[in-house]
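Listed here are the chains, written in short residue letters.
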Amino acid sequence: MAILSDRINNLAESATIKMAKLGRELAAKGVDVISLSLGETDFFTPQHVKQAAKEAIDQNYSYYTPVAGYPELRKAIAAKLKNENGLDYGFDQIVVSTGAKQSLANALMCLINPGDEVIIPTPYWVSYSELVKLAEGESVFIDATIESDFKITPEELEAAITPKSKVFMFSSPNNPTGYVYSYDELAALVKVLEKHPDIFIISDEIYEHINFLDRHVSIAEFESVKDRVIIINGLSKAYAMTGWRLGYSASNKEIAAACDKLQSQITSGTCSITQRAGVAAYEGGLESVREMKEVFLRRRDLVYGLLKDIDGLKVNLPDGAFYFFPDVSSFFGKTTADGQTIANADELALYLLNTSHVAVVSGDAFGDPKSIRISYAAADEKLIEACKRIKAGLSQLNERPVPAV
């Protein structure tokens, strides 16, 4: 009899975490590895947020918290949604979780029955399809390409819908590509979703503030579908709080109550100290967020120029997040100095790690096997050196030898 369940045996390891682990193992051997693999800013949590956490400890915030979060935090989130996004949510429509990943899992587990279909545009964040699998749903992918800036059309969305469709799940700004849907582009997708009132929309907006367009647009702004939208967001990216683990969902009251119920049986409430820090973050203004965004914009332009200078890379200019997602398929079939053939993006990512000592992530885990994800959440000098190493490593690949006749 097998020891482990089919559920866990069928689950893939997170590719981003795996590559970061391989990079750390190589670095532990004394190799100078530049890691551009994790979706984590290199900024520190703002001082006023850290101070609020210290005060919470001194004020003995050490007891169990309400499952859905402290009312003052949920009210602060509702105020943020009103003031920054023009969206009206009551605090009882907000469920605070241990990271946005748990918020996504909550929503899917509460909505999906075995066999229900979840429509996901590719490329997508690595955990989407695995969370659908855990919920016993079926992922239906819409393949987008770099030529369309990785955005789908209304016609493609309509073609993917079947009687089993239950959820449309996407992110904007997007991880891994950095694409951002404009108001008009979302409006066109909404017109399709209006015709299918049984489909819910999970809108992952965790990169909301790392957006280089005029403003962030949430699909929940469209009243015709708002009651079917589950917004996923959190503190990790905008406030440099990845390790604090605080995310949230905003939805209709029925779904919010279901997420509360589910969470009560899994983790209960999120860390009390983190929640007090979260209140300070949302009530403390956006100055630090704007400063970080300016730095990322400068880094984006820097790395774009460096990547465009690498022969064989096909790269577009992202409008948000902190990633590039270049097409590297022109290197497939080429050989390394020791005669190994690069067959796919997985092997190319490992080659760059072991030869160039730069950790990137294969696009295969994001639903696009022709690409790799490069994070530019690192200091300028590291980004310049990493691109230099990538260029040198790729230039050392040889064309596949022509077989003798």
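Remember, predicted model here, so these are calculated numbers, not experimental data.

> For the side chain of Lys 151, give the residues involved together with the corresponding values.
Tracing the backbone through its elements, the reader meets Lys 151 in the loop between β4 (138-143) and α7 (154-160). Each residue touching Lys 151, except ones within four places of it in the same chain, is listed here: Ala 144, Glu 156, Tyr 179, Val 180, Tyr 181 and Glu 185.

> Residue-level account of the nonpolar core, with values.
Core analysis: the largest hydrophobic core is formed by 125 residues, its most contacted members being Leu 157 and Met 169. No other element matches the six residues that helix α13 (residues 345-356) contributes to this core.

> Provide a residue-level description of the packing of α13 against helix α14 (residues 380-395), including the pertinent values.
The geometry of α13 relative to α14 is characterised by a closest axis approach of 10 Å and an angle of 110° between their N-to-C directions. With respect to α14, the element α13 is oriented roughly perpendicular. Counting all contacts with α13, which are made through Leu 348, Tyr 351, Leu 352 and Ser 356, the residues of α14 involved are Arg 389, Ile 390, Gly 393 and Leu 394.

> Any chance you could break down helix α12 (residues 287-308) for me, citing the residues and the numbers?
If you check α12, its first and last C-alpha atoms are 32 Å apart, about what 22 residues at 1.5 Å a residue would give, namely 32 Å. Turning to α12, its buried residues number three or more, namely Val 289, Met 292, Val 295, Phe 296, Arg 299, Arg 300, Val 303 and Leu 307. For α12, the angular spread of the buried residues around the axis is 155°, confining them to a single face. More than 90 degrees from the buried face of α12, the exposed residues found are Glu 287, Arg 290, Glu 294 and Lys 308. Next to the buried residues of α12 lie β9 (323-324), β12 (372-375) and α14.

> Could you give an account of the sheet that holds strand β11 (residues 361-362), with specific residues and numbers?
Reading across the sheet, the three strands line up as β9-β12-β11 and stay open at both edges, with antiparallel pairing between neighbours. Only two strands of the sheet have a single partner each, and these edge strands are β9 and β11. Pairing between β9 and β12: two bridges, direction antiparallel. Counted as the bridge partner of Tyr 323 is Ser 375 from β12.

> Can you tell me about the side chain of Thr 177, naming the residues and giving the values?
If you trace the backbone, Thr 177 turns up in the loop between β5 (165-171) and α8 (183-194). A polar contact of 3.1 Å, which involves the side chain of Thr 177, links it to the backbone nitrogen of Tyr 179.

> So what about the layout of surface pockets? Which residues, and what values?
One simple way to see leftover space: roll a probe sized like a water molecule over the atoms. Its volume calculated, the second largest pocket comes out at about 260 Å³. Glu 208, His 209, Arg 215, His 216 and Lys 293 are the residues nearest the centre of the second largest pocket, which is lined by 13 residues in total. For the lining of the second largest pocket, the secondary structure elements donating two or more residues are α4 (71-85) and α12. With three residues, the top contributor of residues to the lining of the second largest pocket is α12. A breakdown of the residues in the lining of the second largest pocket according to their chemical character gives three nonpolar, four polar and six charged.

> Which residues make up the environment of Glu 381, and what values go with them?
Inspection of the secondary structure puts Glu 381 in helix α14. Sequence separation of Glu 381 and Ser 330 is 51 residues, and the distance between their C-alpha atoms is 28 Å.

> Run through the environment of Val 167, naming residues and quoting values.
Its place among the elements puts Val 167 in strand β5. When its relative accessible area of 0% is taken as the criterion, Val 167 is described as buried. Apart from the residues lying within four places of it in its own chain, the contact partners of Val 167 are Leu 111, Ile 112, Glu 117, Val 118, Ile 119, Ile 199, Phe 200 and Ile 202.

Basis of the calculations
Residues numbered from 1 in each chain as written. Predicted model: local features only at pLDDT ≥ 70, side-chain atom pairs only at ≥ 80, totals over all residues. Heavy atoms only, no water. Helix = DSSP H or I, 4+ residues; strand = E, 2+ residues; numbered from the N terminus. Contact = heavy atoms within 4.5 Å. Core = buried A, V, L, I, M, F, W, Y, C linked by side-chain atoms within 4.5 Å. Buried < 20%, exposed > 50% of the residue type's maximum accessible area, 1.4 Å probe, protein only. Axes fitted to C-alpha atoms, helices over the stretch in contact; angles between N-to-C directions. Parallel < 35°, antiparallel > 145°, perpendicular 65-115°, else oblique. Expected span 1.5 Å × (residues − 1). Arc of directions from axis to C-beta. Pairing = 2+ DSSP bridges. Polar contact = N/O pair within 3.5 Å; in protein donor to acceptor, adjacent residues only side chain to side chain. 1 Å grid on protein atoms, 1.4 Å probe; cavity = no way out; pocket = protein on both sides within 12 Å on 5 of 7 lines; lining within 4 Å. Points joined across faces, edges and corners; volume = space filled by probe spheres on them. Nonpolar A, V, L, I, M, F, W, Y, C, P; charged D, E, K, R; others polar.

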